[in-house]
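Tertiary structure, described
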Amino acid sequence: MGRITNKNEYTEHYNLSMKDGDAYWGKIAEELHWFKKWDSVQSGNFDDLNLKWFEGSKTNMSYNCLDRHLEKNGDKVAVIYEDNDPSVKARTFTYKELHAEVCKMANVMKERGVKKGDRVCFYMSMVPELLIGVLACTRIGAIHSVVFGGFSANALSGRIQDSECSMLITNDGGYRGNKIIPLKDIADEALESCPSIENVLVVKRTDSDIKWKEGRDHWLGELMEKASTECEAEQLDAEDPLFILYTSGSTGKPKGLLHTTAGYMTYAYHTFRNVFQVEEDDIYWCTADIGWITGHTYITYGPLLNGSTTVMFEGVPTWPDAGRFWDICDKLKVTHFYTAPTAIRALEACDIEYVNKHSLSTLKVLGSVGEPINEEAWSWYNKNIGKEKCPIVDTWWQTETGGIMISPLAGITDLIPAHATLPLPGVEPLLVDSEGTPVEGNPAEGNLCMNRPWPGIARTIWGDHERYKQTYFSTYPGKYFTGDGARRDEKGNYRITGRVDDVMNISGHRIGTAEVEDALNEHPNVVESAVVGFPHNIKGQGIYAYVICQNAPENEEVLQKELNEIINKMIGPIAKPDKVQVTSGLPKTRSGKIMRRILRKIAANETDSLGDTSTLLNPEIVDTLMAGKK
Ligand code: PRX
């Protein structure tokens, strides 16, 4: 079927994918390399939740990302690595070079005892060894679990324990603008409670002074020097696990979503080329961190499966100044630029000269991901960065979906600001009301569900299939519930309105209210807390925490500082509350449930529309809360 190149082909692809999904995905998958072809394209459904794609086949992700391109494109640049320090020349890896590095690292892992099915944790900044390392895992059938380098020791140890990783790969320190994140120190602290870790491989990056545990810790560079550049790719089963990635939900501890080999691979391959329409000599740059799903699918796997050139950037958008992104676009001749609305809004707030002193003339396509993009940010991006000649693909998807689900195809789909527009082939969205009844016809509004499996869907939550069923398939039986609300216009275009559950989206990062509350409650003076998101100009949403204290705090600023320290320790700085309000009570129903709707309205200053508060156990608290609003 190849790549979709015009509207008619989109319709043809979409219709076939709905009419005969097996025929459709079978044809797409044939473009990849299989050591052995599948017996059946898809089996299982949203009732049995035993989802399988390309069963009976044998394949390998790293073979498809690397070896498959060597003969024709071995000397093509696969990765351009842009250092945190702008004066350092960008490093490049051709497909041949990347292949050699991946083989070396796979051999190092094997020598240190890593076998197929073992879990390897990565706690790193954006250094090349992170991208090389995840590919090395896929080469030998080890399962990677990347933990974002901004998480705390506590968050890291929880994730390592949950999936019982036997190896941790980290760096001595990570550069982020003018800061050094002491990754190895944080990892050392985490490992005090992680008995499963046998080996720690350390990348030397900042030359920081670090502690060393003989026998456990090894310099990766030294091991790589001795390793062979040949390592045969394991022939893996279609449903062999590929990676685990932790994400927050509305309740409990973070969930380790498990993605498997053949379906995820096919989906990453097909969505990347159709959404971005990258051509042979293009330079594609996704600014995400590999610690998030966007960095997995659209820095690493999607581009490499397609033989494209992908940029990996170590630093931050505002260092040494707010023109860094635009500087890199010009310097590396970037054609495709994919970032998050929060970065767009932050850069929009800076002097326009940071943009205007760059030409940005190589850009062809812009992308947005991670949170709803407001119309104003969309227009600024379109006018100032895309110069009104680059389509913007507003890509809606989730850690669970593996790849983009609803999005324009660049240059093909008609754009509407702030709309994710149309579903990709194989994706059957459905809006339902609170009872689960489908809202038919257009326009419509409701909770966004998926009506059928697609190849990239996460297959389970690591170690807890029951929780997987409960979280995604029990609200509306027989359907996958995304947790998002959406509207559909007359022509069937979707606009995502945001989460309808207790998950916040802070600067495009998913954070559960319960996780933050659990951390706040650790403070000796906090009896109870309730956390909600509120509209924030730059971050999209900020965190508003209501806390009930045992003793009235003498100094609320001190309390807020202490709470921030606890959050830093338990989760990481991304989950720090923007506002803390000390209160004597929280609005509760007669059954003792906190009425978050009211807390959200107060935090958002929408107190005219509080709705019925008479059913509250303590209606008088509403006025108290409004009076003490931060
Ligand atoms: O609420 C949606 C929002 O981000 C959530 C998924 O977060 P995560 O699993 O961390 O993955 C982020 C990167 C794919 C969704 O439930 N979201 C993501 N993309 C968009 C979005 N909301 C609106 N528009 C988008 N384009």
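These numbers come from a predicted model, not from an experiment. (Residues numbered from 1 in each chain as written. Predicted model: local features only at pLDDT ≥ 70, side-chain atom pairs only at ≥ 80, totals over all residues. Heavy atoms only, no water.)

Topic: the overall build of the protein chain
This is how it is decided: Helix and strand assignments follow DSSP, with helices taken as H or I runs no shorter than four residues and strands as E runs no shorter than two, numbered in order from the N terminus. Based on C-alpha atoms, the radius of gyration is set beside the globule rule, defined as 2.2 Å times the residue count to the power 0.38. Burial here depends on accessible area, computed with a 1.4 Å probe over protein chains only, as a share of the maximum for the residue type. Under 20% is buried, over 50% is exposed, and the range in between is partly exposed.
The helix and strand tally for the protein chain stands at 19 helices and 30 strands. In summary, the protein chain has a C-alpha radius of gyration of 24 Å against a globular reference of 25 Å for 630 residues, a match within 12%. Counting only C-alpha atoms, the protein chain reaches 75 × 60 × 55 Å along its principal axes. Out of the 630 residues belonging to the protein chain, those deemed buried represent 60%.

A short note on the sheet that holds strand S22 (residues 444-450)
For the record, the criterion: Strands pair, by our definition, only if DSSP identifies at least two bridges between them. A fitted line through C-alpha atoms represents every axis, and for helices the fit uses only the stretch in contact; the resulting angles, taken between N-to-C directions, go from 0 to 180 degrees.
Pairing is antiparallel across the open sheet formed by 4 strands, whose spatial order is S21-S22-S24-S25. Edge positions in the sheet fall to strand S21 (429-432) and strand S25 (494-499), since each has one partner strand and no second. The mean angle between the axes of side-by-side strands here comes to 45 degrees, regardless of whether they run parallel or antiparallel. In terms of strand pairing, S22 meets strand S24 (residues 480-488) through 6 bridges, oriented antiparallel. Within S24, the position partnered with Met450 by the bridge is Tyr480.

Quick notes on the packing of aromatic side chains
We apply this condition: Aromatic pairs are defined between Phe, Tyr and Trp rings, using the six-membered ring for Trp, whenever the two ring centres lie within 6.5 Å; interplanar angles under 30 degrees are classed as stacked, those over 60 as edge-to-face, and all others as tilted.
Within the structure shown, the criterion is met by 39 aromatic pairs. With centroids separated by 5.2 Å and ring planes inclined at 70 degrees, the aromatic side chains of Phe276 and Tyr284 adopt a geometry described as edge-to-face. Overall, the relative accessible area of 0% leaves Tyr284 in the buried class. Ring geometry for Tyr298 versus Tyr338: centroids 6.3 Å apart, planes at 80 degrees, classification edge-to-face. With a gap of 40 residues between them, Tyr298 in helix H10 (residues 293-305) and Tyr338 in strand S18 (residues 336-339) connect regions that are remote in the sequence.

Here we look at the domain arrangement of the protein chain
The accessible area lost on association of the parts is a frequent measure of interface size. To keep it simple, the criterion reads: Residue ranges assigned to each domain were obtained from an automatic or database domain assignment. Whether two residues are in contact is decided by their heavy atoms: any pair within 4.5 Å suffices. Buried area is understood as the total, over both parts, of accessible area removed when two parts are fitted together, assessed with a 1.4 Å probe.
Here the protein chain is partitioned into domain 1 (7-448) and domain 2 (503-627). Computed from C-alpha atoms alone, the centre-to-centre distance between domain 1 and domain 2 is 33 Å. With 23 residues of domain 1 at the interface, the matching set in domain 2 holds 21 residues. Summing the contributions of domain 1 and of domain 2, the shared interface buries around 1600 Å²; its carbon and sulfur component is 48%.

A closer look at the nonpolar core
Cut-off, in case you're wondering: Each nonpolar core is a collection of buried residues, namely Ala, Val, Leu, Ile, Met, Phe, Trp, Tyr and Cys, held together in the definition by side-chain atoms within 4.5 Å.
Core analysis: the largest hydrophobic core is formed by 114 residues, its most contacted members being Phe54, Leu98, Met109, Phe122, Phe276 and Tyr301. It is helix H9 (residues 261-276) that provides the largest number of residues to this core, a total of 9 residues. Non-local contacts of Phe122, meaning those with residues more than four positions away in its chain, are made with Met105, Met109, Glu129, Leu130, Gly133, Val134, Cys137, His144, Ser145, Val146, Val147 and Ile169. Among the nonpolar cores identified, the runner-up in size contains 41 residues, and Tyr123, Cys165, Ile506 and Ala519 belong to it.

Details of the pairing of strand S28 (residues 526-536)
Relative to strand S29 (residues 540-549), S28 is paired through 10 bridges, and the arrangement is antiparallel. When the sheet's bridge partners are listed, Val526 is paired in S29 with Cys549. In textbook terms, the turn of a hairpin is the stretch between consecutive antiparallel strands, and for S28 and S29 this stretch comprises 3 residues.

Some words on the sheet that holds strand S4 (residues 77-82)
Strand order in the open sheet made by the 7 strands is S5-S4-S17-S16-S18-S19-S20, with mixed pairing throughout. At either margin of the open sheet sits one strand with a lone partner, and together these are strand S5 (91-94) and strand S20 (392-395). Going from strand to strand, the sheet's axes swing by 20 degrees on average, the running direction of each strand aside. For strand S16 (residues 283-286) and strand S17 (residues 309-313), the ladder comprises 3 bridges, and the chain directions are parallel. If you follow Ile283 over to S17, its bridge partner there is Thr309. Where H9 meets the sheet, its contacts fall on S16, S18, strand S19 (365-369) and S20, and the angle it forms with S20 comes to roughly 145 degrees.

Let's talk about the packing of helix H2 (residues 21-29) against H9
Inclusion rule: An angle below 35 degrees is treated as roughly parallel, one above 145 as roughly antiparallel, one from 65 to 115 as roughly perpendicular, and anything else as oblique. Amino acids are sorted into nonpolar (Ala, Val, Leu, Ile, Met, Phe, Trp, Tyr, Cys and Pro), charged (Asp, Glu, Lys and Arg) and polar (every other residue, Gly among them).
Close contact between H2 and H9 brings their axes to 10 Å; oriented N to C, the two are set at 85 degrees. Between H2 and H9, the crossing angle belongs to the class labelled roughly perpendicular. Of the residues in H9, those touching H2 at Tyr24, Trp25, Ile28 and Ala29 are Thr266, Tyr267, Tyr269, His270 and Arg273. Partitioning the contact of H2 with H9 into residue classes produces 6 nonpolar, 2 polar and 1 charged.

Some remarks on the packing of helix H16 (residues 513-520) against helix H17 (residues 556-570)
What describes two packed helices is the angle between their axes and the distance between those same axes. Selection rule: In this scheme, a crossing is called left-handed if the near helix is turned counterclockwise away from the far one by less than a right angle; it is called right-handed if the turn is clockwise.
Packing of H16 against H17 brings their axes to within 9 Å, and their N-to-C directions diverge by 120 degrees. Relative to H17, H16 is oriented oblique. Our pair here, H16 against H17, has a crossing hand that is right-handed. For the pair H16 and H17, contact is made by Val516, Ala519 and Leu520 and by Leu563, Ile566, Ile567 and Met570, respectively. In terms of residue class, the contact of H16 with H17 is built from 7 nonpolar, no polar and no charged.

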